[in-house]
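For reference, the chains in residue letters:
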Amino acid sequence: GGSIASSPGTPTKSGYTFAGWSATDGGTAITFPYTHGKTADFTLYASWTINTYSVTVTQGSNGSISPGTTLVNYGSNQTFTITPATNYSVASITVDGTALSGTALTNAIASGYTFSNVTTTHTITATYASSDSKLSGLVVNTVDIGTFTSSNTSYSGSVGYSTSSVTVTPTLTNGGSIKVNGTSNNSGSASGTISLTAGAATSISVVVTSQDGSTTTTYTISITRSAAATTKTLSNLILKNGASAIS
């Protein structure tokens, strides 16, 4: 029988890697020189291995992308679902180094992001923002407003006349922004000085907006300041013996 001394060559096919020649379609690869034992023309078949491409997933805190890093066959599609943790929302999705925006971002958050007709490597990552608009602490200097709990949004306290002003220190639970009486305030930092009206209650508002902007919570504090002491002057004072002590 006949033989073939060397390989007929290395063919190419888009999206595939040549895996060798075989004597039958899909058969085991042969080696050269190859003794075929045939006396008539016959066909050698090229064997191929489909290429795979990695889609690298970088997981962020407070959420997940599913599946994780995945190998995808040439020409195939792969969808990734982005799921925020409880009390969080998807803040951004970045694909191949470019942040999604507009409708593309909205659709990816709602239905996942699909890499279509994959022919190269890709990357995807996401960040998450808190939807929690609660405080973890609230302190008014020199004033006892009672025990703070994040779910209780109304507080009160009282001060003597000598205390003419206070500051408020609010602390966020999970990021976001704070305004004290309409003025922005950093978490854990004292507000500007708030003047108290003598003989009346002064209302202070602390408005917390969640990191993702989806919720707000308003805490109110009522501080009552004592009125000023009054002094009255006697016009006359009669002693027991009838004499006037004031002349």
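Treat the numbers as computed from the prediction; the structure is a model and nothing was measured. Each chain carries its own residue numbering, running from 1 in the direction its sequence is written. Selection of residues for local features in this predicted model requires a pLDDT of at least 70, selection of side-chain atom pairs for listing and counting requires 80 or more, and totals for whole chains, interfaces and linings are taken over all residues. Hydrogens and water molecules were not included; the side-chain quantities draw on all heavy atoms of the structure.

## Details of the packing of aromatic side chains
- Note on ring pairs: Phe, Tyr and Trp rings are taken, using the six-membered ring of Trp, and paired if centres are within 6.5 Å. Classes follow the plane angle, with under 30 degrees stacked, over 60 edge-to-face and the rest tilted. Inspection of the entire model under this criterion finds eight aromatic pairs.
- A ring pair is formed by Phe18 and Trp48, whose centres lie 5.6 Å apart and whose planes are at 65 degrees; its orientation type is edge-to-face. Taken as a pair, Phe18 in strand S2 (residues 16-22) and Trp48 in strand S4 (residues 45-50) lie far apart in primary sequence, 30 residues in all.
- The buried label goes to any residue with under 20% of its type's maximum accessible area, the exposed label to any with over 50%, and the partly exposed label to all in between, with areas taken from a 1.4 Å probe on protein chains only. Classification of Trp48 as partly exposed rests on a relative accessible area of 27%.
- Judged by centre distance (5.6 Å) and plane angle (25 degrees), the ring pair of Phe148 and Tyr155 falls under stacked. Exposure class is identical for Phe148 and Tyr155. Each is buried.
- Counting every residue linked through ring pairs, the aromatic cluster contains Tyr16, Tyr53 and Tyr74.
- Above the plane of the ring of Phe42 lies Lys38, whose end atom (NZ or CZ) is 5.7 Å from the centre.
- If you follow Arg225 out to its NZ or CZ, it ends over the ring of Tyr161, 4.5 Å from the centre. In this description a helix means any DSSP run of H or I spanning at least four residues, a strand means any run of E spanning at least two, and both kinds are numbered starting from the N terminus. For a ring to carry a charge above it, either NZ of a lysine or CZ of an arginine must fall within 6 Å of the ring centroid while also lying within 35 degrees of the normal to the ring plane.

## With respect to the sheet that holds strand S17 (residues 177-180)
- Here, any two strands with at least 2 DSSP bridges between them count as paired. Sheet architecture is open: five strands sit in the order S14-S21-S20-S17-S18, paired in mixed fashion. The sheet is open, and its two edges are formed by strand S14 (154-159) and strand S18 (183-185), each paired on a single side. Direction aside, neighbouring strands of the sheet carry axes that sit 25 degrees apart on average.
- Where S17 lies against S18, three bridges are found, and the strand directions are antiparallel. Looking at the pairing, Lys179 lines up with Ser184 of S18. Axes here refer to lines fitted to C-alpha atoms; in helices the fit is confined to the stretch in contact. Angles between the N-to-C directions go from 0 to 180 degrees.

## Some thoughts on unusual backbone geometry
- In the segment running from Phe32 into Pro33, the intervening peptide bond is cis, with an omega of 0 degrees.
- Residue placement: Pro33 occurs in the loop between S2 and strand S3 (34-35).
- Although it is not a glycine, Asn62 adopts a positive phi angle of roughly 70 degrees.
- A positive phi angle, near 70 degrees, is found at Asn87, a position not held by glycine.

## Considering the pairing of S17
- Judged by which residues are buried, S17 turns out to be one-sided: Ile178 and Val180 face inward and are buried, whereas Ser177 and Lys179, on the alternate face, are not.
- Bridge count between S17 and strand S20 (residues 200-209): four bridges; the pairing is antiparallel. Bridge pairing in S20 links Ser177 to Thr209.

## Quick look at the nonpolar core
- Among the nonpolar cores identified, the biggest contains 21 residues, and Leu135, Leu138, Val206, Ile221 and Ile223 are the most heavily contacted of them.
- Counting only elements with at least two residues in this core, the list comes to strand S13 (135-140), S14, strand S16 (168-172), S17, S20 and strand S21 (216-225).
- Contact criterion: two residues are considered in contact whenever any of their non-hydrogen atoms come within 4.5 Å of each other. When neighbours within four sequence positions are excluded, Ile223 is seen to be in contact with Val140, Val143, Ile145, Gly157, Val159, Leu196, Ala200, Ala201, Thr202 and Ile204.
- Put simply, a nonpolar core is a bunch of buried Ala, Val, Leu, Ile, Met, Phe, Trp, Tyr and Cys residues held in one set by side-chain atoms that sit within 4.5 Å of each other. In this structure, Val57, Val72, Ile82 and Ile93 belong to the second largest nonpolar core, which totals 19 residues.

## Details of the side chain of Ser191
- Its place among the elements puts Ser191 in the loop between S18 and strand S19 (194-195).
- Leaving out residues up to four positions away in the same chain, Ser191 has contacts with Thr167, Val168, Val180 and Asn185.

## Concerning the environment of Ser184
- Residue position: Ser184 is located in strand S18.
- Ser184 sits in the exposed class, given a relative accessible area of 57%.
- The sequence separation of Ser184 and Tyr16 amounts to 168 residues, and the corresponding C-alpha distance is 59 Å.

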